[in-house]
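Structure at a glance
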Amino acid sequence: MKTLCAIGRAQLVVVGLNPQRIGTESEARVPGTPTWVDMDYQATGLGEARTRLEAVTFPHVIGGLDAVEWLQRHHESEEAVNYYRLRGNYLGRMQGLVRIRHLYIDETHLHPFDGVGRRVGVEMDLVYVGGRR
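Criteria and thresholds
Residues numbered from 1 in each chain as written. Predicted model: local features only at pLDDT ≥ 70, side-chain atom pairs only at ≥ 80, totals over all residues. Heavy atoms only, no water. Patch = residues over 30% accessible without salt bridge, like charges linked within 9 Å, V, L, I, M, F, W, Y side chains within 5 Å. Areas by Shrake-Rupley, 256 points an atom, 1.4 Å probe, with all protein chains shown as cover. Salt bridge = Lys/Arg side-chain N within 4 Å of Asp/Glu carboxyl O. Helix = DSSP H or I, 4+ residues; strand = E, 2+ residues; numbered from the N terminus. Pairing = 2+ DSSP bridges. Axes fitted to C-alpha atoms, helices over the stretch in contact; angles between N-to-C directions. Contact = heavy atoms within 4.5 Å. Phe/Tyr/Trp six-rings, centres within 6.5 Å; stacked < 30°, edge-to-face > 60°. Lys NZ or Arg CZ within 6 Å of the ring centre and 35° of its normal. Buried < 20%, exposed > 50% of the residue type's maximum accessible area, 1.4 Å probe, protein only. Expected span 1.5 Å × (residues − 1). Arc of directions from axis to C-beta.

**As for a nonpolar patch on the surface**
Together, V14, V15, F58, V61 and I62 line one region of the surface with nonpolar side chains, adding up to about 440 Å² of accessible area. Tracing the backbone shows I62 in helix α1 (residues 59-62).

**Brief notes about the sheet that holds strand β8 (residues 91-110)**
As summarised here, the arrangement of the seven strands in space is β2-β1-β7-β8-β9-β6-β3, forming an open sheet in which the pairing is antiparallel. Looking along the sheet, the strands with just one partner apiece sit at the ends: β2 (10-13) and β3 (18-28). For this sheet, the mean angle separating the axes of adjacent strands, direction not counted, is 30°. Bridge analysis of strand β7 (residues 81-87) against β8 gives seven bridges, and the strand direction is antiparallel. The residue bridging N82 from the neighbouring strand is L97, located in β8. Packed onto the sheet, helix α2 (residues 65-76) meets β1 (3-7), β2, β7, β8 and β9 (117-130) and runs at close to 110° relative to β8.

**Looking at the packing of aromatic side chains**
Applying the stated criterion across every chain, the model contains zero aromatic pairs. Taking NZ or CZ as reference, R73 lies 5.2 Å from the ring centre of W70, over its face.

**Quick look at the pairing of β2**
As defined by bridge partners, β1 adjoins β2 across four bridges and the pair is classed as antiparallel. Counterpart to T3 in the pairing with β2 is V13. Remark: two residues form the turn of the hairpin made by β1 and β2, two consecutive strands paired antiparallel; G8 in that turn has positive phi of roughly 65°.

**Observations concerning the pairing of β1**
Strand direction decides the pairing type here: β1 and β7, joined by three bridges, are antiparallel. Bridge assignment links I7 to a residue of β7, and that residue is Y83.

**Examining unusual backbone geometry**
The residue E78 is not glycine, and still its phi comes out positive at about 55°. Considering the arrangement of structural elements, one finds E78 in the loop between α2 and β7. A relative accessible area of 59% places E78 in the exposed class. At H109, a residue that is not glycine, the phi angle is positive and equals roughly 55°. On the secondary structure map, H109 appears in strand β8.

**Focus on α2**
Counted at 1.5 Å a residue, the expected span for α2 with its 12 residues is 16 Å, and the 16 Å between its end C-alpha atoms agrees. The complete set of buried residues in α2 reads A67, V68, L71 and H74. Across the axial projection of α2, the buried residues extend over an arc of 125°, all falling on one side. Seen from the buried face of α2, the exposed residues on the opposite side, beyond 90 degrees, are D66 and E76. Those residues of α2 hidden inside the fold are in contact with β1, β2, β7, β8 and β9. After α2 finishes, the residue E78 shows a positive phi value of roughly 55°.

**What to know about the pattern of salt bridges**
This structure, assessed with the given rule, holds six salt bridges. Here R73 makes a salt bridge to E69, at a shortest N to O gap of 3.7 Å. With a gap of four residues between them, R73 and E69 both fall in helix α2, about one helical turn apart. A relative accessible area of 36% places E69 in the partly exposed class. Shared partners join several salt bridges into a network, and the residues in it are E25, R50 and D125.

Right, dumping it as structure tokens:
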């Protein structure tokens, strides 16, 4: 099982809860004030850094609900967890300490025997709370 990234105890893998899209966003605070001839800008430090991640699994075929459950637990307990991402040569690199700000789980085509969606999609917004990338 090849782990592509891990958020706390939740492992996003090739076969299981598979990451589909990862987007990062950061902010640098640079307020400006007008002067007689131009604008004057001052860098006042970095603001919030976030990662938006989308993943999908087909639980009746490849599993992955254990990772979804771990994401829910981390989110509901509001705990800060480590976020690792796979890099070249199977090297896992710690991206930073994150909290799951938003967690959206989408189940489609519910299975008639257990009521679980045949396709489960997960979207999450991770905010860095320490140890930035």
